[in-house]
Amino acid sequence: MKRRKFIQNTSLGSLGVVAGATTLGCKGDSEKKEIATTTPTESDSKRIPVVIGTWNVPDPVTKAWEVIQEGKSALDAIEAGCRVEEANEEGQSVGIGGLPDRDGHVTLDACIMNSEGDYGAVVYLKDIKHPISVARKVMEETPHVLMAGEGARQFALEQGFKSENLLTENSRKAWEEWKKTSKYEPIINIENHDTIGMLAIDKDGNISGGCTTSGLAYKMAGRVGDSPIIGSGLFVDNEIGAATATGLGEEVLKTVGSFLIVELMRQGMSPQAACEEAIQRIVKKNPNHENFQVGYIAVNKKGETGAYSIHEGFYATVYQDDKINAYPPDYYLKDK
Ligand code: SD4
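To keep things clear, this report deals only with the structure shown in the data block. (Residues numbered from 1 in each chain as written. Predicted model: local features only at pLDDT ≥ 70, side-chain atom pairs only at ≥ 80, totals over all residues. Heavy atoms only, no water.)

**Let's talk about the overall build of the protein**
Here is step 1 of the chain: Broken down by element type, the protein carries eight helices and 14 strands.
Here is step 2 of the chain: Relative to its full complement of 336 residues, the protein shows a buried share of 60%.
Here is step 3 of the chain: Within the protein, contacts between residues separated by at least 24 positions form 69% of all contacts whose residues are at least 6 apart in sequence.
Here is step 4 of the chain: Surface summary for the protein: the accessible area is close to 13100 Å², and the carbon and sulfur share equals 47%. (Helix = DSSP H or I, 4+ residues; strand = E, 2+ residues; numbered from the N terminus. Buried < 20%, exposed > 50% of the residue type's maximum accessible area, 1.4 Å probe, protein only. Contact = heavy atoms within 4.5 Å. Areas by Shrake-Rupley, 256 points an atom, 1.4 Å probe, with all protein chains shown as cover.)

**With respect to the pattern of salt bridges**
Here is step 1 of the chain: Throughout the structure, instances matching the rule amount to 20 salt bridges.
Here is step 2 of the chain: For Glu263, the salt bridge identified is with Arg266, shortest N-O distance 2.8 Å. Within this pair, Glu263 and its partner Arg266 are both found in helix 7 (residues 257-266), separated by three residues, close to a single helical turn.
Here is step 3 of the chain: Owing to a relative accessible area of 37%, Arg266 belongs among the partly exposed residues under this scheme.
Here is step 4 of the chain: Close ionic contact of Glu277 with Arg281 constitutes a salt bridge, the shortest N to O distance being 2.9 Å. Taken together, the residues Glu277 and Arg281, both in helix 8 (residues 271-285) and four residues apart, mark about one turn of the helix.
Here is step 5 of the chain: Residue classification places Arg281 among the partly exposed residues on the basis of a relative accessible area of 33%.
Here is step 6 of the chain: Each of the salt bridges in this network shares a partner with another, and the network as a whole consists of Asp76, Glu79, Arg136 and Glu140. (Salt bridge = Lys/Arg side-chain N within 4 Å of Asp/Glu carboxyl O.)

**Description of the nonpolar core**
Most often, soluble globular proteins keep nonpolar side chains buried together rather than apart.
Here is step 1 of the chain: By size, the foremost hydrophobic cluster in this structure holds 71 residues, and its most contacted members are Val51, Met198, Ile261, Ile279, Val294, Tyr296 and Ile310.
Here is step 2 of the chain: Of all hydrophobic cores here, the second largest spans eleven residues; its members include Leu125, Met147, Ala152 and Phe161. (Core = buried A, V, L, I, M, F, W, Y, C linked by side-chain atoms within 4.5 Å.)

**Observations regarding the sheet that holds strand 5 (residues 146-148)**
Here is step 1 of the chain: As summarised here, the arrangement of the eight strands in space is 5-4-3-8-7-2-13-14, forming an open sheet in which the pairing is mixed. The open sheet has two edge strands, strand 5 and strand 14 (323-327), and neither has a second partner. Averaged over all neighbouring strand pairs, the angle between strand axes comes to 10°, with direction disregarded.
Here is step 2 of the chain: In terms of strand pairing, strand 2 (residues 50-54) meets strand 13 (residues 316-320) through five bridges, oriented antiparallel. Directly across from Gly53, in strand 13, lies its bridge partner Thr317.
Here is step 3 of the chain: Where helix 3 (residues 131-141) meets the sheet, it contacts strand 3 (108-113), strand 4 (119-125), strand 5 and strand 8 (207-213), and its direction lies at approximately 130° from that of strand 4. (Pairing = 2+ DSSP bridges. Axes fitted to C-alpha atoms, helices over the stretch in contact; angles between N-to-C directions.)

**Some remarks on the state of the cysteines**
Here is step 1 of the chain: Counted according to the given criterion, the structure contains zero disulfides.
Here is step 2 of the chain: Cys211 provides the cysteine sulfur closest to Cys82, a residue in no disulfide bond, and the two sulfurs are 7.6 Å apart.
Here is step 3 of the chain: The structure places no disulfide on Cys111, whose sulfur is separated from the nearest cysteine sulfur, that of Cys211, by 5.7 Å.
Here is step 4 of the chain: Taking the relative accessible area as the measure of exposure, Cys111 reaches 0% and is therefore buried. (Disulfide = S-S within 2.5 Å.)

**With respect to helix 2 (residues 74-86)**
Here is step 1 of the chain: Between its first and last C-alpha, helix 2 extends 18 Å over 13 residues, near the 18 Å set by a 1.5 Å rise per residue.
Here is step 2 of the chain: Among the residues of helix 2, those classed as buried are Ala74, Leu75, Ala77, Ile78, Glu79, Ala80, Gly81, Cys82, Glu85 and Glu86.
Here is step 3 of the chain: Of the surrounding elements, those touching the buried residues of helix 2 are helix 1 (58-69), strand 3, helix 3, strand 7 (196-201) and strand 8. (Expected span 1.5 Å × (residues − 1).)

**Let's talk about the sheet that holds strand 10 (residues 241-247)**
Here is step 1 of the chain: Spatial strand order, 9-10-11-12: four strands in an open sheet with antiparallel pairing. Among the strands making up the open sheet, the edge pair consists of strand 9 (234-237) and strand 12 (305-309). Pairs of neighbouring strands in the sheet enclose a mean axial angle of 10°, with direction left out of account.
Here is step 2 of the chain: Sheet topology places strand 11 (residues 294-300) next to strand 12; five bridges connect them, and they run antiparallel.

Structure below.
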């Protein structure tokens, strides 16, 4: 699969925040099996179960699909799928190997949501490779939904998670390079996978979702994006469908994008039309939208999927009807 690069930026330059290079070395690219790259059509036959992930992420999506095939829940599938990417040291925007903040600390954000409408999340989590699993523990083992920073880390340790250094040699070198200029240059070259947002419907027709990220590279210490925030980076309503986001979190947060998409689907929009409308909301508010990327994926209760972004370069990976398909969705700037 040929990698694609595109430019993302940030409107955060004015805040003195840099969104640095999230260049990713996709582990085992050369070993990856050939997968289809076509836009799904209405005639796609068996829509449930289904797994959809942001970016070109065959390994995590395949893992989630396999878990569903074993008869397990969409929630189990989401956790297992996200863990694949979190453990990939070469991926520089998720889990171990994620690019650090500007002080050199890798801080992770993640959330998970089940078909009962329960939600768990962690933000600014250090030293723990699998924030998606900690998020699930928050959801299942505490009366809370969101835990942050040192408290979240302590909770993870109490739950038996291992503390480890998440700053890999590659990411440390990239950070050292960035420090030479520490320039607030609003350009990110992004390759074909990034923050993972994943949605799944299991064999019982139940929907769950998850989202996991190290956030913007070289962000200000303490910055948290959309990914772990319910309604922004992820939303699931088992009666309607689910949506998740990637890209510049600040813009997703300001428009509560994933909740918006689910509500638009509730009003009858297809997942595709709802993703397009959510991108339009961002574009309308931002004359500078040519300088940043946001991408959404969505699924409805029938297992129909949709995906849309501002810029070219976004991918959606769908496993459905026993076939995996990573395709470049339509995007707002296509005919502009
Ligand atoms: C964030 N939305 O922290 C995440 C970053 C991301 O593709 O998705 N990058 O803002």
